[in-house]
Amino acid sequence: MVHEVKTFKTIEEQLVILEDRGLLIDDEEDAKKCLANLNYYRLSAYTLTLRKDDYFYDNVHFSDVMQIYKFDMELRAALMYLLESIEISMRTYIGYYHAKTYGALGYYDEESFEDADRFHKFELDYKSAIEEYGDKEVFVKHHKDIYGGKFPIWVLVELLTLGSLSRLFKNLTPRVRDEICKSNYGKINDEYIGNWLQACTILRNICAHRGRLFNRQIPFSLRLGRKDKQIFKNNNISINKATKQLFAYLIVMKKMIPDESVWNTFTSRLVDLKNKYPFVRLDYYGFVEDWENLLGIKSEE
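Residues numbered from 1 in each chain as written. Predicted model: local features only at pLDDT ≥ 70, side-chain atom pairs only at ≥ 80, totals over all residues. Heavy atoms only, no water.

**Overview of the pattern of salt bridges**
Move 1: Within this structure, the stated rule accounts for 18 salt bridges.
Move 2: The shortest N-O distance in the salt bridge between glutamate 179 and lysine 100 comes to 2.6 Å. Linking glutamate 179 in helix H9 (residues 174-184) with lysine 100 in helix H4 (residues 62-102), this pair joins segments that are 79 residues apart in sequence.
Move 3: When its relative accessible area of 51% is taken as the criterion, lysine 100 is described as exposed.
Move 4: Each of Glu114, Asp115, Arg118, Arg177 and Asp190 takes part in a single network of salt bridges with overlapping partners. (Salt bridge = Lys/Arg side-chain N within 4 Å of Asp/Glu carboxyl O. Helix = DSSP H or I, 4+ residues; strand = E, 2+ residues; numbered from the N terminus. Buried < 20%, exposed > 50% of the residue type's maximum accessible area, 1.4 Å probe, protein only.)

Below, the structure written as structure tokens:
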């Protein structure tokens with residue numbers, strides 16, 4: 001059955017709808033200001049855990065909804081800080097180890113990659129990136145003017161998106177992938193790192209487009225090692241559910257951050273957010289009871 005599209009509602013009418021559905025409005029003017037700057041439809045997604053069908057549970061306040069919304073917003077910003085570190089380090093690793101094995105311009109040769117078809121897609125990626133940046137980046141113009149448009153791979157990687165880097169990593173020769181992993185990720189093999197890079201790309205896209213993370217399943221099959229799977233088994237959480245929520249992503253991202261201070265800055269921000277917005281339940285992000293210890297957060301004496 002096809003329903004009629006809902007009719008337009010003023011800010012005042014939106015507020016009446018929320019009140020009629022049982023949401024408590026402590027400060028009407030503040031609520032109106034929030035709705036004037038925040039799409040009602042967007043905000044409604046953050047209320048799903050606070051109501052049954054269209055009616056709110058007892059004693060739910062508009063300010064509670066805004067806590068969830070603001071926590072999610074600030075969490076995305078903190079995650080982008082982490083993802084930037086992962087992206088920059090991977091650019092460095094690919095540029096360094098591919099050049100070490102095949103030379104500055106070795107990426108011109110499809111033999112320096114594992115799969116020819118994916119190599120040609122990579123060609124399209126980097127040529128498009130060079131065209132897009134044009135004269136907007138000084139280093140791009142410099143290499144066009146001085147080196148005839150030839151970019152050493154350690155320069156080229158600076159033009160690539162995280163998605164392009166993820167695909168490029170998976171198409172490196174086994175020799176190069178293995179050296180990257182052994183030199184930078186200890187005993188974690190390239191299949192896991194490739195999977196995690198793809199997962200980070202999806203997470204970054206959600207954050208960059210201001211997508212909701214609260215009470216959301218991330219549409220990707222994240223791979224976990226045996227010890228990490230046990231974390232969720234010990235908490236009676238199915239692996240299928242766990243790997244589609246944010247906390248599992250944090251577990252693996254911790255292993256990919258090259259600078260411990262970056263990770264510590266992120267976890268400090270996370271703790272501050274939890275204290276700032278106490279109404280927010282972290283289990284809706286997949287967090288387990290011992291999350292602080294698992295993320296390496298030291299409790300204050």
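The structure having been displayed, the exposition proceeds.
**With respect to the nonpolar core**
Move 1: Phe62, Leu250, Tyr285 and Leu295 are the most contacted members of the largest nonpolar core, which has 97 residues in total.
Move 2: Filtering out sequence-adjacent residues up to four positions away, leucine 295 remains in contact with Phe247, Leu250, Ile251, Lys254, Trp263, Thr267, Leu270 and Phe287. (Core = buried A, V, L, I, M, F, W, Y, C linked by side-chain atoms within 4.5 Å. Contact = heavy atoms within 4.5 Å.)

**Things to note about H4**
Move 1: The end-to-end C-alpha distance of H4 is 59 Å, a good match for the 60 Å that 41 residues give at a rise of 1.5 Å each.
Move 2: Positive phi shows up at glycine 103, right after H4, with a value of about 95 degrees. (Expected span 1.5 Å × (residues − 1).)

**Observations regarding the layout of surface pockets**
Move 1: As a volume, the largest pocket reaches approximately 550 Å³.
Move 2: The wall of the largest pocket is formed by 20 residues, among which Lys6, Ile17, Arg21, Tyr40 and Tyr41 lie closest to the centre.
Move 3: Contributions of two or more residues to the lining of the largest pocket are made by helix H1 (11-20), helix H3 (40-44) and H4.
Move 4: Here the element with the most residues in the lining of the largest pocket is H3; it accounts for 4 residues.
Move 5: Here the lining of the largest pocket is built from residues that sort into 10 nonpolar, 5 polar and 5 charged.
Move 6: Of the volumes computed, that of the second largest pocket is approximately 260 Å³.
Move 7: Put simply, the parts of the chain that give the lining of the second largest pocket at least two residues each are helix H10 (190-208) and helix H11 (226-234).
Move 8: No other element matches H11, which puts 3 residues into the lining of the second largest pocket.
Move 9: Of the residues contributing to the lining of the second largest pocket, the split by class is 3 nonpolar, 2 polar and 5 charged. (1 Å grid on protein atoms, 1.4 Å probe; cavity = no way out; pocket = protein on both sides within 12 Å on 5 of 7 lines; lining within 4 Å. Points joined across faces, edges and corners; volume = space filled by probe spheres on them. Nonpolar A, V, L, I, M, F, W, Y, C, P; charged D, E, K, R; others polar.)

**Comments concerning the packing of H4 against H9**
Move 1: Relative orientation of the contacting elements H4 and H9 amounts to 130 degrees, with a least axis distance of 10 Å. Judged on the interaxial angle alone, H9 and H4 are oblique. Once H4 is placed against H9, the crossing between them reads as right-handed. Facing H4, whose interface residues are Tyr93, Ile94, Tyr97, His98, Lys100, Thr101 and Tyr102, H9 presents Arg175, Val176, Glu179, Ile180, Ser183 and Asn184. (Axes fitted to C-alpha atoms, helices over the stretch in contact; angles between N-to-C directions. Parallel < 35°, antiparallel > 145°, perpendicular 65-115°, else oblique. Left-handed = near helix turned anticlockwise from the far one by under 90°.)

**Some words on the side chain of threonine 267**
Move 1: Looking at the secondary structure, you find threonine 267 in helix H14 (residues 260-276).
Move 2: The class for threonine 267 is buried, based on a relative accessible area of 5%.
Move 3: Each residue touching threonine 267, except ones within four places of it in the same chain, is listed here: Leu295 and Ile297.

**Quick word on a negative patch on the surface**
Move 1: On the surface, Asp109, Glu110, Glu111 and Asp117 cluster together into a negatively charged patch.
Move 2: Considering the arrangement of structural elements, one finds glutamate 110 in the loop between H4 and helix H5 (116-133).
Move 3: Residue classification places glutamate 110 among the partly exposed residues on the basis of a relative accessible area of 30%. (Patch = residues over 30% accessible without salt bridge, like charges linked within 9 Å, V, L, I, M, F, W, Y side chains within 5 Å. Areas by Shrake-Rupley, 256 points an atom, 1.4 Å probe, with all protein chains shown as cover. Lys, Arg positive; Asp, Glu negative; His and termini not counted. Charge placed at Lys NZ, Arg CZ, Asp CG, Glu CD.)

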